[in-house]
Every structure is written in structure tokens, then in C-alpha cells.
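# Results of the structural survey
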Amino acid sequence: MADLTGYIVIFDEEQRADLLHERGDYDGRFADALSAPDWGLKEWEVSFISFGAGSIDYACLAQRGKRVATAKYRVDFSNLVDLNEIPLGQLAGMIPNKLQGHFTRSSTGRGRKVPKETWKSLVNSVKELRPQKSEDIDRLFRLRDASLEKFTGNVADTIALEKDAVGVALDIFAPSGDLRKRTLQSWAPADEENLAPFLLGIDAVTLTEEQMLAHDSVTFTDARVRPTMIGSRFQIGPRLLDVIYLNRTKVENTIGVDLIYYNHFYDAYTLVQYKRMTKEKAGRFDQNAHVYRPSADKNFAVELDRMNQFIIDRVGTTNPELKWKDYRLNPDAFYFKFCQSTTLEVLSSDLIKGMYLPKEYLENLLESSRTSGPREGKIIMHENMPRYINNTDFTRLVHEGWIGTKSTNSKQITEIIRESLSADRAVVYARSSDERDQY
């Protein structure tokens, strides 16, 4: 574990403290401006915060960002752990060192990091007074330590894509982005030696195997492709989102990631296949361009052919009152997301920037001279894409049912999942529903 140090932040302006407190209670995150002169830029620190009533109210993670005023910087607070108002006087009586000189007050922004020994004593005292919160506090330190690690290599790349697929699913389900930010920012590796799977490291309700098998399109009876299954459930009011990770091989042998999202309101499936772009010199383009070469991916032609063989039910429902739900801008529902290899960052809630291309549009581009590279090869890159769909537009289109299948038989989706698993791809399967629905 990294050195135990941190901050005690007192929000001592009543009106602002009340607003921040309400914001923190709502989604576990808020931001304010502080000086924190010994706080490293973009470094996450475990902190204790008080909203000015003579008590320590929360433990949390905090990160100093860019300067927003003279000698003041934006500080983001997240992963709040409610300590139920521990009186400062009670803490002071348990700690041999005086705490007063180490408070960072929001009214002035001044304050310094609590010295190591004092901090250690403070943390132990808080855990002694709130033993039921001890595990949550330990998790904050694990998150903080993991944020200092640099995860690289094929395994980290695959987990980064799994993380992105989960984040995209959460944004489709909850377009505000709050659920995605709260979930991804609370992720930490399941243990120090094993990064995967991504879902094991998030703070969510775990689905039982029975609940996962209740989804008809992830019930596998063929032992040859019987996958590892890990599931998490998210809920907003009566609305549910079940996210299930499926993989039949070890993560180090996984060659790609697919996202399959089912929008229950529109009875629509949308399928995304991730493709990594690598940096290289690409003919007339910038030597630092990120490129995907279909000819270098032995699976691309097979995958494209499988998508083209997928039978789509283009017949609308016979109920005139529901026909409007069947309208799609593009009902074939297959998309590729081309994105750069990225560093796996703990506590980052950002989606990977990339280009979503519909299958048919991609096929048209590959037939044109626009994607021609040197020596008659074909290349996909930002520089030769006249248009593409970004994260924001893609999640909105899926959420609102503008894209996706029409009344597709779930058996067809099951076959797509099976074939992806047989090709050593991981599948993130997300299905929205209402808690009153029955599978």
C-alpha cells in the first residue's frame, strides 16, 4: 500500500456546504475550489470531509485538477463513504497529535496534507468508531493505490475495451452519464495479480447464475462454448439493466470484445464489435496516424460474412399502435467501433474516443478509393473517414430506438454470441428491462 497520507477538508461556508452536501448525497460526487499547495496535479488522495457542523461526515477520494482562480484549483470529490457524523472532539481525544493545523478550510482554501503518523492514527480511529465502514475505507485506499499503477499490454488493452463496453451500455441505459461516471470511477482490479474480468472490480449488485441464465439469449447448453459468466445489475427507479460478461477463454488469449445491447422498450438489439487501431506511418497521411488494416486481421472477413448472413426480421408488428416502435434509421444493427489502444486507468470514468461505423457504411467505404492505402491495401483511420458516429450520438440513438433490430428472434442473437465466443472474443451482453418484467 502507498504511504498513508491525506487531507481533512472542512466546508465551513454554510450555504455552499449545504449545496455540496446535497449533491454528494445525490450521486456521490461533487467539486470545489481549494488551494492544496502540496497536492500533486491529477493525483488521487483519500480524504475526510466535513460540512461544517463539527464532525467528520464522509471519507472519499479527491483529485486536484486545473487552476480555476488565483492560487486555487478545482478538486473533484468522489466515492463518498458516509461516516454518520463523527464528532471532531471525539476524534481529537483519540489522536495524540493535534489535528487543527491540518484542516483545509474551503473559506480560505488553505491547508496542508496530514502528516503520515497523524493520518495513520486518524484512519485507525475512524475505523474503530465506525467498524461497519472499515471495508469501504479500505476500498478507497485500494482504489488510490491502483490509480498509481500503469497497466499496459494485451490484457490491459482487453480490459480497457471491456470497461468501455460496460460504460457505453450504462450511457445507453442512463443518458445523463451519471451512472457511468459513478460506476467506472469506483472500479479497481479484483486483486493485485489479476485484472480480469472488468465486472469483478465494480461496485454493483451481483447477479446469480440463475438470474443470468434467465436471459434466454445467454443460456448455453453446448459445453464446447460454455462460457465464464459474471453479471451485475443496475437500477434506476423501476428500470433495470443487467450486464453480463461472457468469455470462454483466458483474457490473455482473448482477441477482441463485442457489446450486445437489448433495448426492451423498442424490442431492439444493437451489436458493436471493437477494433483496435495501431500507430504507424500510413502513406500520404501523418506518420503518427492510428490505423486499422482489414487485411491484417484474419478474422475480419469471416466476421463480416457472419454479420451479412444474420437474418433480420424487417416485418413490423401487426398492432398499428406499436408500429412506431419498430421504425429504425438502420435496422441491420451491426456496428464497428474503431479506437486507439488506450491505457487502462483506474478511477477514470471516460469512454474511449472512437469511430462507430455501421456495417453497410463500412462495406461501402472499403469498396471506394477513399480507404485505399499504399500497395493497394485498405486502411481505416480518422483522416480518411468523411463521417462517423461518436460516443454521445451512438448512445443516444440506441437509447431512443433509432437504431437496432426489428423484432429479432433471440435465438439468432444466441447464435451470434456463440460464434463470437468460439472465435475467442469476450462478449458484454447488456439487457434493459422493468422490474415488473418477467424473462
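Here, the structure is the one placed above.
A short tour of the structure in this document, coming up. (Residues numbered from 1 in each chain as written. Predicted model: local features only at pLDDT ≥ 70, side-chain atom pairs only at ≥ 80, totals over all residues. Heavy atoms only, no water.)

### Some remarks on the overall build of the protein chain
As a reminder of what qualifies: Where helices and strands are cited, they refer to DSSP runs of H or I of at least four residues and of E of at least two residues respectively, numbered from the N terminus. Between buried and exposed lies partly exposed: a residue is buried under 20% and exposed over 50% of the maximum accessible area for its type, with that area taken using a 1.4 Å probe on protein chains only. The contact criterion used throughout is that any non-hydrogen atoms of two residues lie within 4.5 Å. Method for areas: the Shrake-Rupley scheme with a 1.4 Å probe, in which residue coverage is limited to the protein chains shown.
Helices and strands together make up the secondary structure of the protein chain, namely 11 helices and 15 strands. A buried classification covers 55% of the 439 residues belonging to the protein chain. Partitioning the intrachain contacts of the protein chain with sequence separation of at least 6 by distance along the chain shows that 72% fall at a separation of at least 24. For the protein chain, the exposed area adds up to about 20800 Å²; of that, 46% sits on carbon and sulfur atoms.

### Quick look at the environment of Val428
Mapping Val428 onto the fold places it in strand E15 (residues 425–434). Residue classification places Val428 among the buried positions, given a relative accessible area of 2%. Considering only alpha carbons, one finds Val428 and Tyr245, 183 residues apart in sequence, at a separation of 4.8 Å.

### Some details on the pairing of strand E14 (residues 354–358)
Cut-off, in case you're wondering: Note on pairing: two strands pair once DSSP finds at least 2 bridges between them.
Most of E14 is tucked away: five of the five residues are buried. With burial as the criterion, each face of E14 is covered, one bearing Gly354, Tyr356 and Pro358 and the other bearing Met355 and Leu357. Looking at chain direction, strand E13 (residues 334–340) and E14 are connected through five bridges and run antiparallel. Looking at E14, one finds that Tyr335 is bridged to Pro358.

### Side note on the nonpolar core
Rule in force here: By nonpolar core we mean a set of buried residues, namely Ala, Val, Leu, Ile, Met, Phe, Trp, Tyr and Cys, connected to one another through side-chain atoms within 4.5 Å.
Counting residues in each nonpolar core, the largest one holds 74 residues, and the members touching the most others are Phe48, Leu83, Trp119, Tyr274 and Phe394. A total of 11 residues in this core trace back to one element, the largest contributor, which is helix H5 (residues 154–173). Look past the residues within four positions of Tyr274 in its chain and what remains in contact with it is Leu161, Asp164, Ala165, Val168, Val257, Leu259, Lys337, Cys339 and Arg425. Among the nonpolar cores identified, the runner-up in size contains 37 residues, and Val291, Tyr292, Met307 and Leu366 belong to it.

### Describing empty space enclosed by the protein
The line we're drawing: In this analysis a 1.4 Å probe is tested at points of a 1 Å grid over the protein atoms alone, and where it fits but cannot get out there is a cavity; an open set with protein on both sides within 12 Å along at least five of seven lines is a pocket; lining residues have an atom within 4 Å of a point. Grid points are joined across faces, edges and corners, and a volume is the space filled by probe spheres set on the points.
In total, this model carries two cavities of 30 Å³ or more according to the counting rule given. Size it by volume and the largest cavity reaches roughly 100 Å³. Of all the elements in the fold, those that place two or more residues in the lining of the largest cavity are strand E10 (256–263), strand E11 (268–279), helix H8 (300–309), E13 and helix H11 (410–422). There is about 30 Å³ of room inside the second largest cavity.

### A look at the layout of surface pockets
Put simply, the test is: Under the scheme applied here, ten amino acids are nonpolar (Ala, Val, Leu, Ile, Met, Phe, Trp, Tyr, Cys and Pro), four are charged (Asp, Glu, Lys and Arg), and all others, including Gly, are polar.
Each pocket or cavity is described by its volume, and for the largest pocket that value is around 1200 Å³. Here the lining of the largest pocket is built from residues that sort into 11 nonpolar, 12 polar and 16 charged.

### A few points about the pattern of salt bridges
In plain terms, the rule: By convention in these notes, a salt bridge is any Lys or Arg side-chain nitrogen within 4 Å of a carboxyl oxygen on Asp or Glu.
In this structure the tally under the stated criterion is 15 salt bridges. For the salt bridge of Asp138 with Lys127, the shortest nitrogen-to-oxygen distance reads 2.8 Å. With Asp138 in helix H4 (residues 134–147) and Lys127 in helix H3 (residues 116–129), the pair connects residues that are 11 residues apart, well separated along the chain. Between Arg233 and Asp242 there is a salt bridge whose closest N-O contact spans 2.6 Å. We classify Asp242 as buried; its relative accessible area is 0%. Where salt bridges share partners, they join Asp258, Lys275, Asp297, Glu303 and Arg425 into one cluster.

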